[in-house]
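# Summary of the model geometry
If you want the building blocks of each chain, they are given just below.
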Amino acid sequence: MEGATEIGRRFASLPYETETLAPPAAQQKLQGEKERHQGADMVMDVVANGHHLLGDMAEPPTPASQLVVDPSQIDVSRVDLDSIQLPPGENFGILSDDEDVIESENLEYDSGFENVIVVDNLPVVGPDKFEKLEGVVRKIFGQIGMIKEKGLWMPMNPETQKTQGYCYIEFNTKQEAESAKEKTNGYKLDRSHIFAVNMFDDFDRFIKVPDEWTPAEIKPFTPGENLHKWLTDEKARDQFVVRYGADTEVLWNDPRQSKPELVYSRKHWTESFVQWSPLGTYLATVHRQGAAVWGGATTFNRLMRYAHPQVKLIDFSPGEKYLVTYSSHEPSNPRDTQTFGLLDKKSIKIENVMDFSWSPADPILALYVPEGGGGNQPARVSLIQIPGREELRQKNLFSVSDCKMYWQSSGDYFAVKVDRYTKTKKSTYTGFELFRIKERDIPIEVLELENKNDKVIAFAWEPKGHRFAVIHGDNPRPDVSFYSMRTAHHTGRVSKLTTLKGKQANALYWSPSGRFIILAGMKGFNGQLEFYNVDELETMATGEHFMATDIEWDPTGRYVATSVTSVHEMENGFHIWSFHGKLLYRIPRDHFYQFLWRPRPPSLLPPEKEEEIARNLKKYSKKYEAEDQDVSLLLSEQDREKRRLLQDEWDGWVKEWKQQYEEEKVYRQELRDGEASDEEEEYEAKEVEVEEILDVTEEVVSFGDEQE
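Below you will find a few notes about this structure. (Residues numbered from 1 in each chain as written. Predicted model: local features only at pLDDT ≥ 70, side-chain atom pairs only at ≥ 80, totals over all residues. Heavy atoms only, no water.)

### Topic: the sheet that holds strand S12 (residues 247–252)
The strand order S13-S12-S11-S40 describes an open sheet built from four strands, whose pairing is antiparallel. Only two strands of the sheet have a single partner each, and these edge strands are strand S13 (261–267) and strand S40 (592–597). On average, adjacent strands in this sheet sit at an angle of 15 degrees to one another, irrespective of strand direction. Sheet topology note: the strand S11 (residues 239–244)/S12 ladder contains six bridges and is antiparallel. For Val241, the partnering residue across the bridge sits in S12 and is Val250. (Pairing = 2+ DSSP bridges. Helix = DSSP H or I, 4+ residues; strand = E, 2+ residues; numbered from the N terminus. Axes fitted to C-alpha atoms, helices over the stretch in contact; angles between N-to-C directions.)

Quick look at the structure:
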């Protein structure tokens, strides 16, 4: 700290107008600052010993807000609006749309010198050794980063014509400058000269170091909000986030109350989308300047900001330890997540790879290579173990038109959907190659549909299970078939469970816990929904959410959200359903953009405990059934109270109009020529015909006998 203080004092003592202050680029920036001060009538008193003192303003400049300008004299079409900068501290009464920019926040701004370092404790030499010292410094620091042209500057003492024992070095980037500081600070040039390297931007901080030590102020500990507190909700509810218009809201799903409960709301919280982290701890928002991460159960304080201009995509690592941001202006390269270097410094040399997919559970990479050599080399799918690069299994495929790969969520199974040409090459048919990853030698089984000409519309594995579903057919109402990778009688062989004929479905949505699935008819089917129990092979319920664009199960598999986003101009909003297809409540929202359930971390209970709870579910359910009954009674009472208030409001309205009716009785009697009765049956109705001439037209007609 003593060295830093001395450097700060030396920096403060440098003349403002000395040309040897900094590298040329830095000199230009300092000159610009100087000119701006002069433009504001700033007086600079430069003393002979090199110290400079900032004098008082000769005449205070007129505040920008007090300048009188005639708008009629300004040609707005010739004004470059992007070049206009307000004076520091002046906003002309126009508040920033960035809520984070407030007066109380201590923001740091780039000075323009972030790529400049100051190297102190250099030898003091004369002109005869100047070039040699400069060469030594360039050799040391040139190995770390690219020094800009004329980016090395060693100030000379004009009286002694010797260097002053320090220099400025300007690198191409801020990162190079920071690396140079880390690697050379404390570098021993010889016994008498040990480098002290600092960032140019740090001098403001060094100057503020007091001469006398004062003990640091110890602030009392303020515990932050528990980011996982929302998991302890007594009602075991789940949270979700929605975006509509300029609003973003986090809400509790409360089906007992038949409506959501607001947790947190904020306008202009994000500029494009929001995204939960994989375990639900954080919520990320996206902005022009980068991404921000928020956390909490009710407050959602900002935890961190990540600068990355024009970021388009973000993704968390599975353990939420890392965050990746992507911008098309700054493309990224995939690297090993431990060192972010190329794995073993070698690439996996496989030519013509068209597609690849990671196993969700194991370090296994699936690769698809299309046919080559003019059709002489078959297409193939390979499973490669990483990092050993061992090929675990390979399957050659012939006459391939298209190929898609599907991993089961637990990594137990792997499916390859293969579209093959017929012998005539005029049409295609579809089959499946099914890999059993956990079994010895990874056996492969081929599955073909009963009707080879059926088009496969959708395929989906059961999460954490052994079943899968396929939508297939060419008719307007395709079929849905369910298969199992294991059965009691045919272990190791795929078997069909059932086929549902003629369904209005083109998408499959399994419950995250398996067993239940939604057969959804999106787009052309206008949001048809069928809730199906695969264990019992029966339909539980059917429903419709007209024009639905998105379907998402909650992380527990208890509830389902269907939504219509702003791709449609009408019917925007979301519906919440139970897992067995009961519509719980509807929430309309204009300009609806996004619905996301908050993920839950894996259960901390061991599998044995979960099985025990499942066996004794009836015992536990009594408690919750009693709570549900209490809530139902409370809701009934609330409904009765609501109806009573509505009735009272209606009665009051009727009473008010009856009173007004009585007050106007005399006026009505005058209008009836003295008749006092308001009863219509006491009057005799007569029909009166009234003839009225609307228009008269005269026309002269010529007869034939008048013609010659």
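The rest of the description comes next.
### Considerations on the pattern of salt bridges
Under the definition given, this model contains 29 salt bridges. Here Lys174 makes a salt bridge to Glu178, at a shortest N to O gap of 4.0 Å. One end of the pair, Lys174, and the other, Glu178, are both in helix H4 (residues 174–184), four residues apart, so they sit about a helical turn from each other. Here Glu178 falls in the partly exposed class, since its relative accessible area comes to 33%. Among the charged side chains, a network of salt bridges with common partners joins Asp233, Lys235, Arg237, Asp254 and Glu261. (Salt bridge = Lys/Arg side-chain N within 4 Å of Asp/Glu carboxyl O. Buried < 20%, exposed > 50% of the residue type's maximum accessible area, 1.4 Å probe, protein only.)

### So, the packing of aromatic side chains
Across all of its chains, the model carries 34 aromatic pairs by this definition. Taking the centre distance of 5.8 Å and the plane angle of 85 degrees together, the rings of Phe203 and Phe206 count as edge-to-face. With Phe203 and Phe206 both in helix H5 (residues 203–207) and three residues apart, this pair spans about one turn of that helix. Here Phe203 falls in the buried class, since its relative accessible area comes to 2%. For Phe206, a relative accessible area of 7% puts it in the buried group. (Phe/Tyr/Trp six-rings, centres within 6.5 Å; stacked < 30°, edge-to-face > 60°.)

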